[in-house]
Amino acid sequence: MTLERGVVMGVVRLITAPPITEHASEDYDLDDKTGLGRSFDGIGGLSGGGATSRLLVNYAEPYRSQILDYLFKPKFGASLQILKVEIGGDAQTTDGTEPSHMHYEDDENYFRGYEWWLMREAKKRNPNITLIGLPWAFPGWVGNGENWPYGFPDITASYVVSWIRGAKQYHDLDIDYVGIWNERHFDSKYIKLLRYTLDKSGLERVKIIASDNLWEPITSVMIADRELQDAVEVLGVHYPGTNTVPKALKTGKKLWSSEDYSTFNDNVGGGCWARILNQNYVNGKMTATISWNLIASYYEDLPFGRDGLMTAMAPWSGNYVVESPIWITAHTTQFTEPGWTYLQTVGHFTHGGSYVALTDERGNLTIITETMTHDHSVCIRPPLLPYNVTAQNATFHLKGTFASISELQVWHSKFDFKTDTTVLFQNLKPIKVIEGSFSIELDVDEVYTFTTVTNGQRGSYPDPPPTAPFPKKYKDDFDVPGNPYFSEAPNFADQTGVFEYFTNLTDPGPHVFTLRQVVTQRPVTWVADADQTISVIGDYKWHDLMVSCDVYMEAVHTGGVFIAVRVDKGGGVVRSTKGIFFWVYADGTYKVTNDLSGMTVLAEGLSGTRARVWYTLTLTVKGNYASADLNGYALWKNAVLWEPRHGWAAIGTSSFELAQFDNFAIEALA
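Residues numbered from 1 in each chain as written. Predicted model: local features only at pLDDT ≥ 70, side-chain atom pairs only at ≥ 80, totals over all residues. Heavy atoms only, no water.

Here the protein chain shows a mean pLDDT of 94. Residues at 70 or above account for 96%. No element of the protein chain has a lower mean pLDDT than strand β1 (residues 4-8), at 30, and none a higher one than helix α10 (residues 324-333), at 99. (pLDDT = per-residue confidence, 0-100. Helix = DSSP H or I, 4+ residues; strand = E, 2+ residues; numbered from the N terminus.)

This part takes up the packing of helix α2 (residues 115-125) against helix α4 (residues 153-171). Taken N-terminus to C-terminus, the directions of α2 and α4 make an angle of 60°; their axes are 12 Å apart at the nearest point. Our classification of the angle between α2 and α4 gives oblique. The two elements α2 and α4 meet at a crossing, and its hand is right-handed. Facing α2, whose interface residues are Trp116, Met119 and Arg120, α4 presents Trp163, Gly166, Ala167 and His171. (Axes fitted to C-alpha atoms, helices over the stretch in contact; angles between N-to-C directions. Parallel < 35°, antiparallel > 145°, perpendicular 65-115°, else oblique. Left-handed = near helix turned anticlockwise from the far one by under 90°. Contact = heavy atoms within 4.5 Å.)

What follows is about the environment of Tyr540. By the secondary structure assignment, Tyr540 is in the loop between β28 (533-537) and β29 (545-553). The exposure class assigned to Tyr540 is buried, which follows from its relative accessible area of 16%. (Buried < 20%, exposed > 50% of the residue type's maximum accessible area, 1.4 Å probe, protein only.)

This paragraph deals with the sheet that holds strand β9 (residues 207-213). Ordered in space as β5-β6-β7-β8-β9-β10-β11-β12, the 8 strands form a closed barrel in which the pairing is parallel. Each strand axis lies, on average, 25° off the axis of its neighbour in the sheet, ignoring direction. Sitting on the sheet, α2 touches β5 (42-47), β6 (82-86) and β7 (130-134), and the angle it makes with β6 is about 175°. (Pairing = 2+ DSSP bridges.)

Turning next to empty space enclosed by the protein. Over the atoms a probe the size of a water molecule is rolled, and this reveals where empty space is left. Under the counting rule described, the total for this entry stands at 6 cavities of 30 Å³ or more. If you add up the space inside the largest cavity, you get close to 110 Å³. For the largest cavity, the lining is made up of 14 residues, of which Gly88, Pro99, Arg112, Trp116 and Trp163 are closest to its centre. Classifying every residue of the lining of the largest cavity gives 5 nonpolar, 5 polar and 4 charged. Counted as a void, the second largest cavity has a volume near 50 Å³. Every residue lining the second largest cavity is listed: Phe40, Gly42, Ile43, Leu277, Asn280, Tyr281, Met286, Thr287, Ala288, Thr289 and Tyr342. Of all the elements, helix α9 (residues 267-282) adds the most residues to the lining of the second largest cavity, at 3 residues. (1 Å grid on protein atoms, 1.4 Å probe; cavity = no way out; pocket = protein on both sides within 12 Å on 5 of 7 lines; lining within 4 Å. Points joined across faces, edges and corners; volume = space filled by probe spheres on them. Nonpolar A, V, L, I, M, F, W, Y, C, P; charged D, E, K, R; others polar.)

Turning our eyes to something else, we now look at the pattern of salt bridges. Under the defined criterion, the tally for this structure stands at 25 salt bridges. Between Asp31 and Lys33 there is a salt bridge; the shortest N-O distance is 3.9 Å. Residue class for Lys33 comes out exposed when judged on its relative accessible area of 63%. The salt bridge partner of Asp568 is Lys569, with a shortest N-O separation of 3.3 Å. You can call Lys569 partly exposed: its relative accessible area is 28%. (Salt bridge = Lys/Arg side-chain N within 4 Å of Asp/Glu carboxyl O.)

Moving on, we come to α10. Burial within α10 is extensive, with 10 of its 10 residues counted as buried. Residues of α10 that are buried include every one of Ser324, Pro325, Ile326, Trp327, Ile328, Thr329, Ala330, His331, Thr332 and Thr333, and no others.

Right, let's talk about the nonpolar core for a bit. Residues Phe72, Leu83, Ile191 and Leu194 are the most contacted members of the largest nonpolar core, which totals 99 residues. Ignoring any residue separated from it by four or fewer positions in sequence, one finds Leu194 in contact with Ala157, Val160, Val161, Val178, Ile180 and Ile208. The next biggest cluster of nonpolar side chains, apart from the first, holds 78 residues, and it includes Leu46, Ile209, Val547 and Phe582. (Core = buried A, V, L, I, M, F, W, Y, C linked by side-chain atoms within 4.5 Å.)

So, about the side chain of Thr197. Tracing the backbone shows Thr197 in helix α5 (residues 188-200). Once residues lying within four places of it in the same chain are set aside, the contact partners of Thr197 are Ala157 and Val161.

Let's shift gears to the packing of aromatic side chains. Throughout the structure, instances matching the rule amount to 48 aromatic pairs. When the centroid spacing of 3.6 Å and the interplanar angle of 5° are considered together, the rings of Tyr281 and Tyr342 count as stacked. In this pair, Tyr281 sits in helix α9 while Tyr342 sits in strand β15 (residues 341-343), placing the two residues 61 residues apart along the sequence. Judged by relative accessible area, Tyr281 falls into the buried class, the value being 2%. Put simply, the rings of Tyr70, Phe76, Tyr320, Trp327, Phe335, Trp411, Phe425 and Tyr461 touch in pairs and so form one group of aromatic residues. (Phe/Tyr/Trp six-rings, centres within 6.5 Å; stacked < 30°, edge-to-face > 60°.)

Next up on the list: unusual backbone geometry. For residues besides glycine, phi is generally negative; the peptide bonds are generally trans as well. Here the bond from Trp292 into Asn293 is cis, since omega is 10°, no more than 30 degrees from zero. Within the secondary structure, Asn293 is located in the loop between β12 (288-292) and β13 (311-314). The omega torsion across Arg381 and Pro382 is -15°, close enough to zero to call that bond cis. Along the chain, Pro382 falls in the loop between β18 (365-370) and β19 (392-398). Although it is not a glycine, Ser79 adopts a positive phi angle of roughly 50°.

When you line up the elements, Leu442 lands in strand β22 (residues 437-442). Classification of Leu442 as buried rests on a relative accessible area of 0%. Sequence spacing of Leu442 and Leu277 is 165 residues, and the spatial spacing of their C-alpha atoms is 18 Å. Aside from chain neighbours lying at most four places away, what touches Leu442 is Phe349, Thr369, Thr371, Thr390, Ala391, Gln392, Ala394 and Tyr448.

Following the criterion strictly, the structure yields 1 disulfide and no others. One disulfide in the model links Cys272 with Cys379; its S-S distance is 2.0 Å. One disulfide, between Cys272 and Cys379, carries an S-S torsion of 105° and so falls in the right-handed class. Note that Cys272 is positioned in helix α9 and Cys379 in the loop between β18 and β19, a separation of 107 residues in sequence. Across the pair, exposure class does not vary: Cys272 and Cys379 are buried alike. (Disulfide = S-S within 2.5 Å.)

Bringing the sheet that holds strand β37 (residues 648-653) into the picture now. If you trace the 7 strands from one edge of the open sheet to the other, you get β25-β28-β37-β30-β31-β32-β33, paired in antiparallel fashion. Edge positions in the sheet fall to β25 (493-496) and β33 (601-606), since each of these pairs with one other strand and no more. Between one strand axis and the next, the sheet turns by 20° as a mean value, whatever way the strands run. As paired elements, strand β32 (residues 589-595) and β33 share 5 bridges and run antiparallel to each other. Of the residues in β33, the one forming a bridge with Thr593 is Val601.

So, in structure tokens, the structure goes:
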């Protein structure tokens, strides 16, 4: 298809071959004299829920800063206006675990994980960005042995408030909102208590989003409960399908799609994002939309691979991909700010698609249109009912304070699913507004921005290096003296439990700096964490492999540790993980199993191992046979195995227990 663009008497004309079928132009008024709509609160991304930015921190410069610029730098890429992060809870929350600031009741550390760093980097680029924290899970002590965080609501509220205070005290970060969410149901007593605890702590400015799940039952309860209504600032919903409910509107609260998208980030994913960014307001009066996730920076073979605004999952190569949702976001964020106001005159085009218009109430106007067809804008959830979009002509009439506008800047994206000649965020010639009107030929699968804002930019950097598989030879001795910048070892993705750098001051030998599994109690979680802890690393395609690691069990009678290869699952399905697992136990035995749960035993026997002694484990798998060494001596050979045929390497423990690891090494044989 050949594209030619021009401006003719106030008409942006798209000439294609074959030509668009001629339609009589439909008229659409954009007018503020009858009043304005709701205040715009922004578009954002979500890091966490869980561990979705895990690999980002491992990128070398300049690539890491370039990625951050595409996400957060104003007038450059996505120019995100909201960053929502997980308040780590030591639990599996979709694609991994994120560490808590309080593993234990008497423990506080506000430097664990990477969300603090990410918020600082976002704030460095955009000082006005809105920051939100939401706990998906909690350390086990918060639930006092129960898988429910609200049995002792005062403890839970204090735990959350401590995270907010720590953000300010240690990182000078002002958290703007805190979310309340649980898969089962919300707890109104807890919400009120959290509001009270925030206020008592001098955090009146921190607002509450609830219930970060569904429109009901919270809207019905809120209408009947004035105290709850006063406690909640925003009604947040997940994956609303662009729709709200009448009772939500009746509350008078801000309505947000506080988690949305969650869709593979190819061009259909870009189309999904374009449609919902407009129609969340047109259909549902939602004034903020937050993408899960911010960036697909986790191993692709974990659940929901590449469901982010952009992709950065190969830090060892430096490669990243600026996907189409980045530029679709820019159509709105580069030409608006939180605090702008939607016009009341927004809606659907006669022949499909939608348009919104926003103003800063100081003369600026931004119009965003989308004509995404059904099959090219399907999101992962909820199901999308059939609808039609056809090529059409539209004439906008600018009225009220906009009647004097004489020219609008034009930015354009066109998804081409036939010839793969997609154009994203292209700056066209300005369009003349003649006697308050301009016309546009709208093809299908297009996004336009028409705006008085003149400083939009399609930022760019030189192409990053080409992608490459995980190195076939890899070592990590975990020797990071002092206070490491990040608490987790590069490229390890914790799937149950938390593995952190540890300084063992009681060991005068070579194992002073180690990696330690620190979760000692099952966390409060909505995902089925495994009964064992596990952290994966490497290339999912690996099949013939040798892995070795020094291990140290701290639990005297019950300790158990493993190394593994061909690990085939993680995320929310980690309990069903299979692979080749080589275990040693503090009771002097060993075991080889075909699964993480230890139900399928390939070999077992005596090892002579005990707690508080360092051992070197080596596991080698070639074809259908596996062998292992303990301290360099063969413990077993040629155990027969069939499935799985490939997967990650891993380390872990037999229960929620303290254990240490050192001198980890991998060699891929094929």
